[in-house]
Every structure is written in C-alpha cells, then in structure tokens.
Amino acid sequence: QRQMCIRDRSGTNILVNITDNGVGINKKEEEEKEYKSAGIEILENRLKSLEEHYKSKCILEISNRADLSDSKEKGTLVSIIFPAIYSPPKLKFLS
C-alpha cells in the first residue's frame, strides 16, 4: 500500500512524503548493494537543478519506517522538500 501527502510549507517550500508498507530500505540495500536506482538519480539531478536556479535548498531523504521514532510500521518513507514555484522555470537539466 502506498500513500502520498503533499503540503505547502508556509508558501516557500513544498513537502512531499511518500510511504509504502514493503520490506523497507535496509533489506533492499543488502539485496542490491551495487545497484543505484535510475529514478533516484534522475530526481537528485532535478533537485540539484532547482537548487541552482532558485538558490534554495532541496532535500531528498529516504528512511526505513521501522527506524523512525515511535513507528512500528514497516516499509519506506521518502521525503522531498523543494521550493514552491509560481511561474514555470527555465531550467537547464544536468546530464
């Protein structure tokens, strides 16, 4: 089961939380030690482009839900924070 929550943080930043109830990130890391997700790499590059263009910090955090305080849930939590954009950007993406 997956859930997504999107929040406007005081008009300057957007917070996106994505959770699932899978095996969690630690077990996946052990099974795929040499593998780096193409999707994560693309997201990191886009966040870097946003940081450069808007001069604002972007954050990507991937956590095992079981490691979070007071959580008995299993699965993964992905949190992304980026600047709220009110006009379309003219970005040059990293290759």
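Residues numbered from 1 in each chain as written. Predicted model: local features only at pLDDT ≥ 70, side-chain atom pairs only at ≥ 80, totals over all residues. Heavy atoms only, no water.

Novice: Outline the pairing of strand β1 (residues 2-9), listing residues and values.
Specialist: Relative to strand β2 (residues 13-20), β1 runs antiparallel, the two being bridged by eight bridges. From the neighbouring strand, R2 faces β2, where its bridge partner is D20. Connecting β1 to the next strand, β2, in antiparallel fashion are three residues, including S10 with a positive phi near 55°. (Pairing = 2+ DSSP bridges. Helix = DSSP H or I, 4+ residues; strand = E, 2+ residues; numbered from the N terminus.)

Novice: Quick rundown of the pairing of strand β4 (residues 76-83)? Include the residues and the values.
Specialist: Extensive coverage of β4 is indicated by the burial of seven of its eight residues. Note that β2 and β4 share seven bridges and pair antiparallel. When the bridges of β4 are listed, T19 appears paired with L77. Across six bridges, strand β3 (residues 59-64) lies against β4 in antiparallel orientation. Counted as the bridge partner of S63 is L77 from β4. (Buried < 20%, exposed > 50% of the residue type's maximum accessible area, 1.4 Å probe, protein only.)

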